[in-house]
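Coordinates in review
Here is what each chain is made of, one letter per residue.
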Amino acid sequence: MIGAIELGGTKCVCAVFEMDGTLIERLSVPTETPAESMPSMINFFKKYSGIKAFGFGSFGPIGANPNGKDYGYITNTPKLPWQHFDFLGAFKKEFDVPMAWTTDVNVAAYGEMKQGAARGVENCMYITIGTGVGAGVVVGGKIISGFAHPEAGHISLKRHPEDHYEGKCPFHHDCLEGMAAGPAIEARWGKKGIELSNELEVWNLEAYYIAQAIYNYYLILSTERFILGGGVMKQRQLFPMIREHLVALNNNYVTLPELEGFIVPPALEDNAGITGCYELAKELLEAK
């Protein structure tokens, strides 16, 4: 069997799978403090003596470099009780099996590549746009991670000439997250995005920033598919707007793929992350 955990800002999803991917049991644990949440997660898996590997995807930032001193830690997260918590170490004290450790958006990207909207391609990027903006990148079938994991939600963008909002990010103000995440929408327009569904101006501006980000990523990585998830992307009217802005940005410079299948919503929806955890653990176990 394989154990999997997707650590989220409000809940931690735990699951046990057969090797063939059949779900045996799933549990949702509120993300409170490590002292409150960790025992519930560990006890859930201790019911199963046949677990041979784990896959973990966590909210970040995290220590993602296997050679780094903070590998396996949740580091400078805004969730203060979890700052500098050795999550991987806590599990290693209880289970002597191989463990895969990466970010929540990385496992979502991997899950979509293996079983979802990016199935059949070797290069994809999963971008979640909600309370914040994060991205997971898979190139050549492998998750990209170097000295640290990508923080693609904080790239600099060209400001729309009619947009005078300063930006919500406390570090960079007008980065992608600062201009396009859910809190930025609410701060700019005075209402939550869900209350602005019929306001074309709101989503056209949102699409302007998202398209810029996608174009920058594409020029660098030549990504085969972009999967856009998160609460903001539940506004499905964004997809044709983003594609339209992308064409304008490109101005016939590079060849773009067929756009309907190039920028897509997640096929696995809220199951992308836990699916990616399973797939990473399975791959790790097979390699061992």
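As named in an unreviewed UniProt entry, the chain is Fructokinase, taken from Abiotrophia defectiva ATCC 49176. Its UniProt record, at the heading Catalytic activity (unreviewed entry), says of the chain: "D-fructose + ATP = D-fructose 6-phosphate + ADP + H(+)". Its UniProt record gives the chain a comment under Cofactor (unreviewed entry), which states: "Mg(2+)".

Throughout the structure, instances matching the rule amount to 9 salt bridges. Between K46 and E94 there is a salt bridge whose closest N-O contact spans 2.6 Å. Of this pair, K46 sits in helix α1 (residues 34-46) while E94 sits in the loop between α2 (87-92) and β7 (99-103), and the two are 48 residues apart along the sequence. K46 sits in the partly exposed class, given a relative accessible area of 47%.

Turning our eyes to something else, we now look at the pairing of strand β9 (residues 133-139). Of all 7 residues making up β9, 6 are buried, and the element is well covered by its neighbours. Hairpin remark: strand β8 (residues 124-129) followed by β9, antiparallel, with 3 residues in the connecting loop. The sheet contact formed by β9 and strand β10 (residues 142-143) spans 2 bridges and is antiparallel. When the sheet's bridge partners are listed, V139 is paired in β10 with K142. Once β9 ends, the chain turns through 2 residues before running back antiparallel as β10, passing G140 with a positive phi of about 60°.

Side chains of L219, I220 and Y253 sit close together on the surface and give an oily, nonpolar patch of about 390 Å² of accessible area. Secondary-structure assignment places Y253 in the loop between α7 (238-250) and β12 (263-264).

Time to look at the sheet that holds β10. Spatial strand order, β10-β9-β8-β11-β12: 5 strands in an open sheet with mixed pairing. Of all the strands in the sheet, the pair left with one neighbour each is β10 and β12. Packing of helix α3 (residues 104-115) onto the sheet brings it into contact with β8, β9, β10 and β11 (225-229), and relative to β9 it is tilted by some 50°.

Considered domain by domain, the chain is made up of domain 1 (2-107 + 269-287) and domain 2 (120-264). Listed per partner, the contact involves 12 residues of domain 1 and 16 residues of domain 2. For the pair domain 1 and domain 2, the summed buried area comes to about 1,000 Å², and 51% of that belongs to carbon and sulfur atoms. Applying the counting rule to domain 1 against domain 2 returns 3 salt bridges. Where K234 meets E269, a salt bridge forms, and the shortest distance between an N and an O atom there is 3.6 Å. Listing elements by their share of the side of domain 1 that touches domain 2, those giving two or more residues are β7, α3 and α8 (272-287). Partitioning the side of domain 1 that touches domain 2 into residue classes produces 5 nonpolar, 4 polar and 3 charged.

What is expected of a backbone is that most residues other than glycine have negative phi and most peptide bonds are trans. Here the amide bond leading from G60 into P61 is cis, since omega sits at 0°, within 30 degrees of zero. Structurally, the position occupied by P61 is in the loop between β4 (53-58) and β5 (73-74).

On to the pairing of β8. Where burial is concerned, most of β8 is hidden: 5 out of the 6 residues are buried. Where β8 and β9 come together, 6 bridges link them in antiparallel fashion. The residue of β9 that forms the bridge with M125 is V137.

Reading guide: rules and limits
- Residues numbered from 1 in each chain as written.
- Predicted model: local features only at pLDDT ≥ 70, side-chain atom pairs only at ≥ 80, totals over all residues.
- Heavy atoms only, no water.
- UniProt positions renumbered as here; feature names shortened; annotations may be inferred.
- Salt bridge = Lys/Arg side-chain N within 4 Å of Asp/Glu carboxyl O.
- Helix = DSSP H or I, 4+ residues; strand = E, 2+ residues; numbered from the N terminus.
- Buried < 20%, exposed > 50% of the residue type's maximum accessible area, 1.4 Å probe, protein only.
- Pairing = 2+ DSSP bridges.
- Patch = residues over 30% accessible without salt bridge, like charges linked within 9 Å, V, L, I, M, F, W, Y side chains within 5 Å.
- Areas by Shrake-Rupley, 256 points an atom, 1.4 Å probe, with all protein chains shown as cover.
- Contact = heavy atoms within 4.5 Å.
- Axes fitted to C-alpha atoms, helices over the stretch in contact; angles between N-to-C directions.
- Domains from an automatic or database assignment.
- Buried area = accessible area lost by both parts, 1.4 Å probe.
- Nonpolar A, V, L, I, M, F, W, Y, C, P; charged D, E, K, R; others polar.

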